[in-house]
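Coordinate inspection notes
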Amino acid sequence: MLKTTDDIANQIFSSFPVSLQKRLHASTKQLDLPAGKTLFSTQETINYLYFPMDCLIHLIYEVDDGDEIQIACLGDNDICGDAIFMGHKKSPMRAQVLLSGEALVLPAKEALYWFNNEREFREPILKASGRINQQMMQKVACYRFHNIHQQLCCWLLEATNRFSVSVLDVTHEHIANLLGVRREGVSEAAHKLQLEGVIDYKRGHIKILNRKRLEQLTCECYNVLKQLKNL
């Protein structure tokens, strides 16, 4: 059963007028999304528009040789599947759940109808899409100009700050794949952070111990990405 209007955690959905939210509820489902679930794959038809509530979804760009890299991290101030509004019938990237939680789900055909016919739906959607595109560009710059240590700090902060969590169940290999770097580089950077008392990690389990120090060690991209969430 859907939560009441006042309880909807996704800020984009909550920004719609109450009358529009009530009309959307007729077509909207509230789903539990487990960590690791793929919402849609590269070159797969996007069937739903997702409004993350207390889950975290990352967008992953894949190349022909099998390499991949994370280009956006989406939470309660975002949408997932906005490529449908740009005329894409198939997704140019993969969407996968990083932190489990709930999301509101609207069929793509319904989302397109409201986008084309309702300004109060379209304007928040376009604003959210613009933020996602800016995030993608910032991440490209980060991957190009900053070292693995800085990238890891930025990624850990971004992945945990959204919902004030301090623990991530993720392997070094998975992080390395998302950052497009060698696993050994991530392990070395994580080891340095552990020696300094910033994090504690065991295989597949990372705990943030000193968030303030982590913020001091990251690159400027973290603050830029943080500010984007509030635009």
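The structure displayed is predicted, hence computed values, not measured ones. (Residues numbered from 1 in each chain as written. Predicted model: local features only at pLDDT ≥ 70, side-chain atom pairs only at ≥ 80, totals over all residues. Heavy atoms only, no water.)

1. Regarding the overall build of the protein
Which entries qualify depends on this criterion: A run of H or I in DSSP counts as a helix once it spans at least four residues, and a run of E counts as a strand once it spans at least two, with each numbered from the N terminus. Between the two quantities, the radius of gyration covers C-alpha atoms and the globule rule is 2.2 Å times the number of residues to the power 0.38. Here the term buried applies to any residue with accessible area under 20% of the maximum for its type, exposed to any over 50%, and partly exposed to those in between, with areas from a 1.4 Å probe on protein chains only. In these tables, accessible area is a Shrake-Rupley quantity obtained with a 1.4 Å probe, and a residue counts as shielded only by the protein chains included in the view. His is not counted, nor are the chain ends, whereas Lys and Arg count as positive and Asp and Glu as negative. Charge coordinates come from a single atom per side chain, which is NZ of Lys, CZ of Arg, CG of Asp or CD of Glu.
Scanning the protein from N- to C-terminus turns up nine helices and ten strands. Rg of the C-alpha trace for the protein: 18 Å, near the compact-globule value of 17 Å for 231 residues, within the 12% margin. When each of the 231 residues of the protein is scored for burial, the buried share is 49%. Per element, the accessible surface of the protein, about 11400 Å² overall, is 48% carbon and sulfur. Where the 27 positive side-chain charges of the protein centre and where its 27 negative ones centre are 2 Å apart.

2. Section: unusual backbone geometry
A positive phi is found at Gln-43, a non-glycine position, where the angle reads about 65°. Here Gln-43 is to be found in the loop between strand 2 (38–40) and strand 3 (48–52). We classify Gln-43 as exposed; its relative accessible area is 53%.

3. Here we look at helix 7 (residues 183–195)
Which entries qualify depends on this criterion: Here a helix's expected span is defined as the number of its residues, less one, multiplied by 1.5 Å. Any two residues whose heavy atoms approach within 4.5 Å at even a single point are treated as in contact.
An ideal rise of 1.5 Å per residue puts 18 Å on 13 residues; helix 7 measures up with 18 Å between its terminal C-alpha atoms. Inspection of helix 7 places Gly-185, Val-186, Ser-187, Ala-189, Ala-190 and Leu-193 among the buried residues, and these make up the whole buried set. Residues of helix 7 that are buried in the fold lie against helix 5 (148–161), helix 6 (172–179), strand 9 (199–202) and helix 8 (211–217).

4. With respect to the nonpolar core
Selection rule: Remark: nonpolar core denotes a set of buried residues (Ala, Val, Leu, Ile, Met, Phe, Trp, Tyr, Cys) joined through side-chain atoms within 4.5 Å.
Phe-16, Leu-39, Phe-51, Leu-59, Cys-80, Phe-121 and Ile-125 are the most contacted members of the largest nonpolar core, which totals 40 residues. When residues of this core are assigned to their parent elements, the largest contribution, five residues, is made by helix 4 (residues 119–145). With near-sequence residues (within four places) excluded, Phe-16 lies in contact with Gln-21, Leu-24, Phe-51, Glu-120, Phe-121, Pro-124 and Ile-125.

5. With respect to the sheet that holds strand 4 (residues 56–62)
Worth spelling out the cut-off: In this analysis, strands are considered paired if DSSP registers two or more bridges between them. As a rule, the C-alpha atoms of each element are fitted with a line to give its axis, helices using only the stretch in contact, and angles between N-to-C directions run from 0 to 180 degrees.
In space, the four strands of this open sheet follow the order 2-6-4-5, with antiparallel pairing throughout. Lying at the two open borders of the sheet, with one neighbouring strand each, are strand 2 and strand 5 (68–74). Averaged over all adjacent pairs, the angle separating strand axes in this sheet is 30°, with direction ignored. Sheet strands touched by helix 5: strand 4, strand 5 and strand 6 (94–99). Its angle to strand 6, the strand with the most contacts, is close to 75°. Strand contacts of helix 6: strand 4 and strand 5, with the helix running at about 90° to strand 5, the strand carrying the most contacts.

6. Regarding the environment of Ala-189
With respect to the helices and strands, the residue Ala-189 is situated in helix 7. Residues Ala-189 and Asn-147, 42 residues apart in the sequence, show an inter-C-alpha distance of 9.8 Å. Residues contacting Ala-189, with those up to four places away along its chain left out, are Ile-148, His-149 and Leu-152.

7. Focus: the sheet that holds strand 7 (residues 101–107)
Strand order across the open sheet formed by three strands is 1-7-3, with antiparallel pairing between neighbours. Two strands bound the open sheet, and with one partner strand each, they are strand 1 (29–33) and strand 3. When the angles between neighbouring strand axes are averaged without regard to direction, this sheet yields 35°. Sheet strands in contact with helix 3 (residues 108–117) are strand 3 and strand 7, and its direction is about 70° off that of strand 7.

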